[in-house]
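Survey of secondary and tertiary structure
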Amino acid sequence: MMHGRMAAPKQVCRKRIAAVLAVLLLALQLAGCSATELENRCFPMLAVADYRVGLVEFCFGFPVLSQKSETDVEESKVQAAMAQGGDFASAVSNYDKQLDKKADCNHLKVLLIGQEMMEESGACADMFRALRESEQFPRNIYVCVTRDVAELLETEGTLPTDMGSYLQTYLQNHEKEHGGKLVTLGSILDERENHSKVLHLPYLTVEDGSILWDAEWDLDMRQQFFE
């Protein structure tokens, strides 16, 4: 035998309508917050790290106006000079201070590292330690090395897309030619834990104004470099 009193059908219906309206109102509020947050963010496609005269250099790469639709005009106006710091974290922090908006790296495609940075073992190890501790940089971005960062970045004006998107597509299109799997930031950070492999990073050069992947930079995870 059942005890108590069942709610009338009309009461149940009103409660359901009220619940649905509450959910819709919450969704609208969240959408409004998200739109506001997006207005206060900029979305880099490329991260660049180098080492010069005892200092770490860092910058992001953003699409230029000719590579964006009219609806993205504001984002294309992001301007910030290459920043320097005593270590990687300081260089990133100094660069971020130049930006009017918070850098949202969810769309980041590639981390481009200068050869001098890779050859400066202490600064390079510090960079990877900072990247491992940071939540700012996605683990699925590709990592490559170039002989001359400035020379490579100067080619962007001739590209059909921003440098980050171009490098991502270029690396993917030439992956099979180099007989191996592209290296991501996540794979480097994982290998730093077990020190068991030699990773082959794409080594990019510029010839006659064109970007070329004609060699690999061997990153030996078995060395004490990462201690």
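Our subject in this report is the structure included herewith. (Residues numbered from 1 in each chain as written. Predicted model: local features only at pLDDT ≥ 70, side-chain atom pairs only at ≥ 80, totals over all residues. Heavy atoms only, no water.)

1. A short note on the sheet that holds strand S8 (residues 198–207)
As summarised here, the arrangement of the 7 strands in space is S4-S3-S2-S6-S7-S8-S9, forming an open sheet in which the pairing is mixed. Looking at strand neighbours, the two that pair on one side only are strand S4 (83–85) and strand S9 (210–220), the edges of this open sheet. The average angle at which neighbouring strand axes cross in this sheet is 30°, direction not considered. Strand direction decides the pairing type here: strand S2 (residues 46–52) and strand S6 (residues 110–114), joined by 4 bridges, are parallel. (Pairing = 2+ DSSP bridges. Helix = DSSP H or I, 4+ residues; strand = E, 2+ residues; numbered from the N terminus. Axes fitted to C-alpha atoms, helices over the stretch in contact; angles between N-to-C directions.)

2. Side note on the environment of Ser165
As for its placement among the helices and strands, Ser165 is situated in helix H7 (residues 163–173). For the pair formed by Ser165 and Pro63, sequence separation is 102 residues and the distance between their alpha carbons is 9.1 Å. Apart from residues lying up to four places away in sequence, Ser165 is in contact with Met45 and Lys109. (Contact = heavy atoms within 4.5 Å.)

3. Notes on the environment of Thr184
By secondary structure assignment, the location of Thr184 is in the loop between H7 and helix H8 (185–194). It is 9.1 Å that separates the C-alpha atoms of Thr184 and Leu201, two residues lying 17 residues apart in sequence. Each residue touching Thr184, except ones within four places of it in the same chain, is listed here: Arg139, Asn140, Ile141, Tyr142 and Val143.

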